[in-house]
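Summary of structural features
Listed below are the residues making up each chain.
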Amino acid sequence: MALMAAAAASMDDHDEYAKLVRGMNPPRVVIDNDACDDATVIRVDSVNSHGTLLAVVQVIADLNLFIRKAYFSSDGNWFMDVFNVTDRDGNKVVDASTISYIQKTLESDHWYYPDARNTVGIVPSSEYTSIELTGTDRPGLLSEICAVLTAMGCAVRTAELWTHNTRVAAVVHVTDASSPSSSGGGAIEDPARLSAIRSRLGHLLRGHTDVRAACSSLAHHMDRRLHHLMLTDHNHISGGAAAAAGESRTEVSVTSCEERGYSSVVVRCRDRPKLLFDTVCAMTDMEYVVHHGAVAAEPGGGAYQEYYIRRRADGLAVACDVERRRLVRCLEAAIERRTTAAEGNNCLELEVCAGDRAGLLSDVTRVFRENGLTIRRAEISSTAGGEAVDTFYLSGTQGEVVEEETIEAIRKQIGEATLRVKSNGGGGAVAEGRRKDGGGGEEAGAGAGTTTAFIFGNLFKFYRPFQGFSLVKLYS
């Protein structure tokens, strides 16, 4: 059976024999609320393929669950994974619909092999058009983008924008606001109009702009696309203000593990939601394979992550100092893109809720610009009931704290009933207050200096939080 799995893992996803083997060994998921006193334990095992770990972590991240501890291994072409997770308040996951969703999603073969969903090619969505943008960040940029889209008859359905190291990346889903359809319009299909939108936005950004029909593929998950856009934009090359001032709290080291043929990657930073997703996504995009790993929350709100990786192309470890430095920079950037706005750094977190209408986003972002604020990150969405729920992370143009007078001015212009201040320069403290001690941080810190002992030979003996983990058998 193991030989069959090895053959299937090495074959193309469309190969019929590989499909047969996966069908004989479907993903198996166990969700257990009794195995741990303070967390829900999720165990997953399946035939391994590149991106399997990321696919599993993505499900947990999208549900806004906290990963307190985790262990994963994929040697021998089997993927085995154990997560200790809680909700945002530090409680076990007890909601039946959430548990059912996790179970059904992770047991779906299509989740790990999205290409198998459509054997005749990817079918563009008829619901919206996806616009991907990268360029140099500047104050008022999102306001200008929204104004252009409104002027060209585009209604923003959902959007997310990240800024880091003076660069900006955004994924915007728009519909045709000029469509007479009662449902509010679908994708923009006119090639001439798409070309005009691309031209206008490209001129505005003075950088790369891609306008394409959205596709029903897992690869177009919004956060994954943003990470990929910033990686290909070489966002990690410039040091950024925090790095220049020596204020970065992210520590990444890459060392050789010659006796096993791996490179050991150790990450220490502030703990936060989606941290594991961001690091695993970065390594997957860089074509590294995580063979073993363990992560844990540490006392005081820190996080410790350790991975044993090889290059996907040739199965070898990191070869030289240049490659090592690039990997370190890319991981630091992947972590700090979300941290820069979400955890303090003088950012004001505002949530705007209002009845959705054409030009709403343009009007809101114009108010921010007129009050001298810079958008560091944004999450835009529209509900099925016609309500817009938008979250903005804002600071002054030089990164300074937003004054109370400015907040009140914005409130008066936008409307008090539609604006909620979620945090102002202390977002990290709020998140930290919700977080329980993940345990095991002292042991993880002690093991940082001898990384090879952490996974090989001594993991369950040395690292106590994982003593309670028991992996699911692959077959009976």
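Let me begin by describing the structure that accompanies this report. The shown structure was predicted, so the numbers you read here are calculated from the model rather than taken from an experiment. (Residues numbered from 1 in each chain as written. Predicted model: local features only at pLDDT ≥ 70, side-chain atom pairs only at ≥ 80, totals over all residues. Heavy atoms only, no water.)

Thoughts on helix H8 (residues 222-232)
Within H8, nine of the 11 residues are buried, which leaves the element mostly enclosed by the surrounding structure. Among the residues of H8, those classed as buried are Met222, Asp223, Arg224, Arg225, Leu226, His227, Leu229, Met230 and Leu231. Positive phi shows up at His234, right after H8, with a value of about 60°. (Buried < 20%, exposed > 50% of the residue type's maximum accessible area, 1.4 Å probe, protein only. Helix = DSSP H or I, 4+ residues; strand = E, 2+ residues; numbered from the N terminus.)

Quick notes on the sheet that holds strand S1 (residues 28-32)
The eight strands lie next to each other as S1-S2-S4-S3-S11-S12-S10-S9, forming an open sheet whose pairing is antiparallel. Each having just a single partner strand, S1 and strand S9 (251-257) make up the two edges of the open sheet. Geometrically, the sheet is characterised by an average inter-axis angle of 15° between neighbouring strands, direction not taken into account. In the sheet, S9 pairs with strand S10 (residues 262-270) via seven bridges, with the strands oriented antiparallel. If you follow Val254 over to S10, its bridge partner there is Val265. Its contacts with the sheet put helix H4 (residues 96-106) on S1 and strand S2 (40-47), and the angle it makes with S1 is roughly 160°. Contacts from helix H10 (residues 275-285) reach strand S3 (66-73), strand S4 (78-86), S10, strand S11 (288-298) and strand S12 (302-311) within the one sheet, and its direction differs from that of S12 by about 20°. (Pairing = 2+ DSSP bridges. Axes fitted to C-alpha atoms, helices over the stretch in contact; angles between N-to-C directions. Contact = heavy atoms within 4.5 Å.)

Topic: the environment of Thr105
Position of Thr105 among the secondary structure elements: in helix H4. Judged by its relative accessible area of 12%, Thr105 is buried. Linking Thr105 and Ala55, residues 50 residues apart in sequence, is a C-alpha distance of 10.0 Å.

Notes on the packing of helix H3 (residues 52-62) against H10
Packing of H3 against H10 brings their axes to within 9 Å, and their N-to-C directions diverge by 150°. With respect to H10, the axis of H3 lies roughly antiparallel. The way H3 lies across H10 gives a crossing that is left-handed. Mapping the contact onto sequence places Leu53, Leu54, Val57, Gln58 and Ala61 in H3 and Leu276, Phe277, Val280, Cys281 and Thr284 in H10. (Parallel < 35°, antiparallel > 145°, perpendicular 65-115°, else oblique. Left-handed = near helix turned anticlockwise from the far one by under 90°.)

Thoughts on the environment of Thr163
As for its placement among the helices and strands, Thr163 is situated in strand S6 (residues 154-164). When its relative accessible area of 6% is taken as the criterion, Thr163 is described as buried. The spacing of Thr163 and Ile375 is 212 residues in sequence and 8.3 Å in space, taken between C-alpha atoms. When sequence neighbours within four positions are dropped, the list of residues in contact with Thr163 reads Asp137, Val168, Met230, Arg337, Ile375 and Arg376. Among the polar contacts listed, one links the side chain of Thr163 to the backbone oxygen of Arg376, at a separation of 2.6 Å. (Polar contact = N/O pair within 3.5 Å; in protein donor to acceptor, adjacent residues only side chain to side chain.)

Comments concerning the nonpolar core
Grouped together as the largest cluster of nonpolar side chains are 48 residues, with contacts concentrated most on Ile42, Phe83, Val265, Leu276, Tyr307 and Leu327. Excluding residues within four positions of it along the chain, Ile42 makes contact with Val29, Val30, Ile31, Ile60, Asp81, Val82, Phe83, Val85, Ile102 and Leu106. With 44 residues, the next largest nonpolar core counts Ile131, Leu142, Ala388 and Phe392 among its residues. (Core = buried A, V, L, I, M, F, W, Y, C linked by side-chain atoms within 4.5 Å.)

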